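This is what each chain is made of:
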Amino acid sequence: MIQQAQPPLLCLAAMFKNEAATVRQTLESVKPFIDRWTVLDTRSTDDTTGIVLRTLRVCENPVVGMLHNDDFVDYATTRNRVLELAEAENAVFTLTMSADETLSGGEALRAFLEAHRYSPEGAYCVMMQTGSRMWPYSRVLRTGAGWRYVGKIHERPVGPNGEVAGPLIPGVLITHTPSDPERKIARLRDFDLPLLTQEVNDESKSLEERAHAMFFLAETHASLAGWCPKDSSGEFVVGGQWLSHQMSAMAYYFRYAQIAENPKSPARDHDKAMYALFLYYHIAEKTNLYTSAELVARLEMFVSAAPKLAEARFMLADHSARLDVRQGLYHALQAVDVAKEARENPTHEAMDNRIEWLSLMVASQCAKQLKKDQQAKELAERGIAAGGPRSAFEGAL
C-alpha cells in the first residue's frame, strides 16, 4: 500500500507595498521554516516584487509559492484575500508576516506545528515585540478553520465562534522594527487618526466595534505625541500638540476602560480595561497631572483590582520610593514577583519586558538607602541577570 504524503505544514501569507528597504530581511527570516508562500503586492512602485521573487523563487534554495497583485481595500479585507489565495497552497497552517518584521525561533515554530498538525485549535499565538513592548498575537491560522480578519484598521483574526486568540507557541518571537519613522507618522496622522475617529463616533457600529476603535484611537494619539516637536532643551513644547495628543489619549483610554469594565457591556474585558486604565495613569505621570503622593494613593487601589499588571506595580514602587523608602522596597519586590509571573505566563495585553530589572533597580536603591548593603548588592546582581545594564546598578554593587 502506497503511503500518501502529508500536506505541506506552513505557508507564509503576506501583503506588501513599497517595502523594498526591509522585505528581504523579513523573507529571509522565515524562508528556512516555510514550505509554501503567498504574497499579495498592493501595487508597489519600487522593487518590492522583484525582491520577493529573487528571495523566494529565483534563488539557490527556492520555495514553492505565488506572487499576486491587487488593490488594497482595507486591512481586514486585503488580509482575508491573502488567506483565500494561500488556501491554494494546501498547507496546514498560514503564518502572517508584515514588512519591518523578522521571525526568531523558527525551529521551535515548526516543531510545535508538526506536533499539533492534527490538533483542534484553529489559531496559535506567537510573541510580538516592538521596542520593549511584548504581547501574544494570533499569527498562525489553521487553513479551513474559519478564522478571518475583522477591522478596517488594527485588524485582528477572529474565529468562527468569536474567539480572538489561540494558545501561545513557546520560543517564537516576531520583532517589529520600524524602518521609516516619517512614513509611520504620516500614516498615523493621515490615515489611522481620521478613520479611527470616524469609527468611534459611528453609532451604526456595535459597542464592541466602537470600543475596539476607541482603544486604538488612544494608542494613535499617544504615538503621535511621541513625535511632536521639541524645544531647544529637548523637551516637548508645553501646551502644544504634545499635550493635546496626550490629553486626548488619556480621555479615550479612560472612556474605553469604563466600557470594558462594565459588567453589562458586550465589550467587557477586565484585563484590557485595567491595561487601558494603567496607560491613563502612565500619561498622567508623564504630564505631571498628579503628585507622587496622589499617584500612590490611586495606584494602591488600582493594583488590588489588577494584581497581575506588572507595569502598575512598578509605577507604585517608583513613586512610593520617593515618599517612603521602606514602602518603596516592599512594593518593588512585589513588582519583581509580578513581572516574573507575567513573563512566564503572559496575558494577551502588552507588557514591558524591562519591568523585572527596573523593579530590581528601585529595590536595590531603596535597600542601599536603608543601609542594607548586602541586600542591595544581591538585588543589583539579580537585576543585571534579568537584563538590566550594569550602569543602572553601579551605586548598589
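Bear in mind that the values here come from a model prediction, so they are computed numbers and not experimental data.

Analysis parameters
- Residues numbered from 1 in each chain as written.
- Predicted model: local features only at pLDDT ≥ 70, side-chain atom pairs only at ≥ 80, totals over all residues.
- Heavy atoms only, no water.
- Helix = DSSP H or I, 4+ residues; strand = E, 2+ residues; numbered from the N terminus.
- Rg over C-alpha atoms; globule rule 2.2 N^0.38 Å.
- Buried < 20%, exposed > 50% of the residue type's maximum accessible area, 1.4 Å probe, protein only.
- Contact = heavy atoms within 4.5 Å.
- Areas by Shrake-Rupley, 256 points an atom, 1.4 Å probe, with all protein chains shown as cover.
- Lys, Arg positive; Asp, Glu negative; His and termini not counted.
- Charge placed at Lys NZ, Arg CZ, Asp CG, Glu CD.
- Axes fitted to C-alpha atoms, helices over the stretch in contact; angles between N-to-C directions.
- Parallel < 35°, antiparallel > 145°, perpendicular 65-115°, else oblique.
- Left-handed = near helix turned anticlockwise from the far one by under 90°.
- Core = buried A, V, L, I, M, F, W, Y, C linked by side-chain atoms within 4.5 Å.
- Phe/Tyr/Trp six-rings, centres within 6.5 Å; stacked < 30°, edge-to-face > 60°.
- Lys NZ or Arg CZ within 6 Å of the ring centre and 35° of its normal.
- Pairing = 2+ DSSP bridges.
- Right-handed = clockwise from strand over helix to strand, strands pointing away.

Time to look at the overall build of the protein. If you tally the helices and strands in the protein, you get 13 helices and 11 strands. The C-alpha atoms of the protein give a radius of gyration of 23 Å, which matches the 21 Å a tight globule of 397 residues would have. Dimensions along the principal axes, computed over C-alpha positions, put the protein at roughly 75 × 50 × 50 Å. Looking at the 397 residues of the protein, the share that counts as buried comes to 49%. Within the protein, contacts between residues separated by at least 24 positions form 68% of all contacts whose residues are at least 6 apart in sequence. Split by element, the accessible area of the protein, about 19400 Å² in all, is 51% carbon and sulfur. Between the centroid of the 43 positive side chains of the protein and the centroid of its 51 negative side chains there is a distance of 2 Å.

Examined against the element boundaries, S119 turns out to sit in the loop between α4 (106–115) and β6 (123–130). Judged by its relative accessible area of 18%, S119 falls in the buried class. If we ignore the near neighbours within four places in the chain, the residues touching S119 are Y124 and R142.

For the pair helix α7 (residues 241–261) and helix α8 (residues 270–286), the least separation of the axes is 8 Å and the interaxial angle reads 155°. It follows from the interaxial angle that α7 and α8 lie roughly antiparallel. Every pair of crossing elements has a handedness; the one defined by α7 and α8 is left-handed. Side by side, α7 and α8 meet where W242, Q246, A249, M250, Y253, F254, Y256, A257, A260 and E261 of the first sit next to H270, K272, A273, M274, A276, L277, L279, Y280, I283, A284 and K286 of the second.

The biggest cluster of nonpolar side chains holds 47 residues, and the ones touching the most others in it are F215, Y253, F278, Y281 and F302. At the level of elements, α5 (181–201), α6 (207–225), α7, α8, α9 (292–305) and α10 (310–323) are the ones that each hand at least two residues to this core. Once residues lying within four places of it in the same chain are set aside, the contact partners of F215 are Y253, Y256, K272, Y275, A276 and L279. In this structure, A14, F112, Y124 and V126 belong to the second largest nonpolar core, which totals 33 residues.

Ring pairs (aromatic) are described by centroid distance and by the angle formed between their planes. As enumerated under the stated definition, the model contains 13 aromatic pairs in all. Where Y281 meets F302, the ring centres are 5.8 Å apart and the plane angle is 70°; that geometry is what we call edge-to-face. Within this pair, whereas Y281 is found in helix α8, its partner F302 is found in helix α9, the two being separated by 21 residues in sequence. With a relative accessible area of 11%, Y281 lands in the buried category. Accessibility expressed as a relative area gives 5% for F302, which makes it buried. When the ring centre of Y290 is taken as origin, the NZ or CZ atom of R298, which lies over that ring, is 4.2 Å away.

So, about the pairing of strand β1 (residues 10–16). Counting buried positions along β1 yields seven of seven residues, so the element is predominantly enclosed. Pairing analysis gives five bridges linking β1 to strand β4 (residues 93–97), with the strands arranged parallel. Following the sheet pairing, L12 is matched in β4 by L95. Of the strand pairs in this sheet, β1 and strand β2 (residues 36–41) are connected by six bridges, and their pairing is parallel. Paired with A13 across the bridge in β2 is T38. Between the parallel elements β1 and β2, the chain passes through helix α1 (residues 23–30) in a crossover that is right-handed.

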